[in-house]
Amino acid sequence: MQFELHGFKSFDELLAFHCAPALAGIKPANLVSCPTISMPVVAPLLTVYTEQFADRGIAFEVLCHCTARTLILVYQPRQLEALLQEQEVSCYLKELGYKTDSVRSLLRQLGGRVSCSNDFPHEIGIFLGYPLADIKGFIENKGQNCKCSGYWKVYDDVEHARCLFDAYNKCRDRLLKAVAEGVPLHLAAASF
């Protein structure tokens, strides 16, 4: 099914651009925003993707939904669970008021914060696999004074972040190329 969505020709292309690292398994999660008006087309696709990617351990979940946009989280449940169980991460989420039990519960809590907040909850970076030091640095510096930026603003280990940015870009470019050549997204992502 082809349709215009934020300038992309297909939902495969949109996901390849915004979610390649999670689809390839090198990042625990990616987030993509879709206009809510597109959800009658996107919702059935999410059902198809859930089936196509199940054997690769990739999940698709609507994180929040409002009149303007729908945020979809593409994630690796096992990778995300391991990350969220790290002691420093778990303690930080508890400090922020999260009740840390299951990944699904934490995602529901995060979705509620995204939906109910006038200010985006910056701890979403944890769920997206950003380094905790950079998330704390972003919050403490109110988004200013970063050492460099790419997929996120970096306040700590610039060399490590740049290596990740490069890996994510290569992954995205490779997946976009395959999709442009007509390879279905689930088959293109399986080649990683």
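Worth saying up front: this structure is predicted, and the values here are computed from it rather than measured.

Asker: Quick rundown of helix α3 (residues 77–85)? Include the residues and the values.
Answerer: Regarding α3, the residues found buried are Leu80, Leu83 and Leu84. On an axial view of α3, the arc spanned by its buried residues comes to 95°, and they lie on one face. Opposite the buried face of α3, by more than 90 degrees, sit the exposed residues Arg78 and Gln85.

Asker: Give me the side chain of Thr70: which residues, what numbers.
Answerer: Following the sequence through the fold, Thr70 ends up in strand β3 (residues 69–75). Within the structure, the side chain of Thr70 is placed 2.7 Å from the side chain of His65, a separation counted as a polar contact. Ignoring any residue separated from it by four or fewer positions in sequence, one finds Thr70 in contact with Val32, Ser33, Cys34, Thr36, Met39, Val62, Cys64 and His65.

Asker: With reference to specific residues and values, describe the packing of aromatic side chains.
Answerer: One pass over the structure, following the stated rule, counts 10 aromatic pairs. Where Tyr151 meets Phe165, the ring centres are 5.8 Å apart and the plane angle is 40°; that geometry is what we call tilted. With a gap of 14 residues between them, Tyr151 in the loop between β4 (148–149) and β5 (153–154) and Phe165 in helix α8 (residues 158–180) connect regions that are remote in the sequence. Classification of Tyr151 by relative accessible area gives partly exposed; the value is 26%. Phe165 sits in the buried class, given a relative accessible area of 8%. In this structure, Arg113 packs its charged tip against the face of Tyr98, placed 4.0 Å from the ring centre. Between the NZ or CZ atom of Arg174 and the centre of the ring of Phe192, over which it lies, the distance is 4.2 Å.

Asker: Let's hear about the nonpolar core: which residues, and what values?
Answerer: In this structure, Phe11, Leu15, Leu23, Phe60, Val74 and Leu185 are the most contacted members of the largest nonpolar core, which totals 29 residues. At the level of secondary structure, the elements contributing two or more residues to this core comprise α1 (11–24), β1 (29–35), α2 (39–53), β3, α8 and α9 (185–190). Per-element accounting of this core gives the leading share, nine residues, to α1. Excluding residues within four positions of it along the chain, Leu15 makes contact with Ala20, Leu23, Val32, Tyr49, Phe60, Val74 and Leu185. Among the nonpolar cores identified, the runner-up in size contains 25 residues, and Ala29, Tyr75, Leu84 and Ile126 belong to it.

Asker: Residues and numbers for the packing of α3 against helix α4 (residues 87–95), please.
Answerer: Interaxial distance between α3 and α4 falls to 5 Å at its minimum, and their mutual angle equals 75°. Between α3 and α4, the angle is such that the two are roughly perpendicular. Residue-level inspection shows Leu83, Leu84 and Gln85 of α3 in contact with α4, the latter providing Gln87, Val89, Ser90 and Leu93. Among the residues forming the contact of α3 with α4, the class breakdown is four nonpolar, three polar and no charged.

Asker: Now, about the layout of surface pockets: what can you tell me, with residues and values included?
Answerer: In this structure, the second largest pocket encloses a volume near 270 Å³. His122, Tyr130, Phe138, Trp152 and Lys153 are the residues nearest the centre of the second largest pocket, which is lined by 14 residues in total. When contributions to the lining of the second largest pocket are tallied by element, the ones reaching two or more residues are α6 (124–127) and α7 (132–140). In the lining of the second largest pocket, the residues fall into eight nonpolar, four polar and two charged.

Asker: Please provide a residue-by-residue account of the pairing of β3, values included.
Answerer: Burial within β3 is extensive, with six of its seven residues counted as buried. Alignment of β1 against β3, held across seven bridges, turns out to be antiparallel. When the bridges of β3 are listed, Val32 appears paired with Ile72. In this sheet, β3 lies alongside strand β2 (residues 59–65) in antiparallel orientation, the contact comprising six bridges. Looking at β3, one finds that Cys64 is bridged to Leu71. The antiparallel hairpin formed by β2 and β3 contains three residues in its connecting segment.

What counts, and at which threshold
- Residues numbered from 1 in each chain as written.
- Predicted model: local features only at pLDDT ≥ 70, side-chain atom pairs only at ≥ 80, totals over all residues.
- Heavy atoms only, no water.
- Buried < 20%, exposed > 50% of the residue type's maximum accessible area, 1.4 Å probe, protein only.
- Helix = DSSP H or I, 4+ residues; strand = E, 2+ residues; numbered from the N terminus.
- Arc of directions from axis to C-beta.
- Polar contact = N/O pair within 3.5 Å; in protein donor to acceptor, adjacent residues only side chain to side chain.
- Contact = heavy atoms within 4.5 Å.
- Phe/Tyr/Trp six-rings, centres within 6.5 Å; stacked < 30°, edge-to-face > 60°.
- Lys NZ or Arg CZ within 6 Å of the ring centre and 35° of its normal.
- Core = buried A, V, L, I, M, F, W, Y, C linked by side-chain atoms within 4.5 Å.
- Axes fitted to C-alpha atoms, helices over the stretch in contact; angles between N-to-C directions.
- Parallel < 35°, antiparallel > 145°, perpendicular 65-115°, else oblique.
- Nonpolar A, V, L, I, M, F, W, Y, C, P; charged D, E, K, R; others polar.
- 1 Å grid on protein atoms, 1.4 Å probe; cavity = no way out; pocket = protein on both sides within 12 Å on 5 of 7 lines; lining within 4 Å.
- Points joined across faces, edges and corners; volume = space filled by probe spheres on them.
- Pairing = 2+ DSSP bridges.

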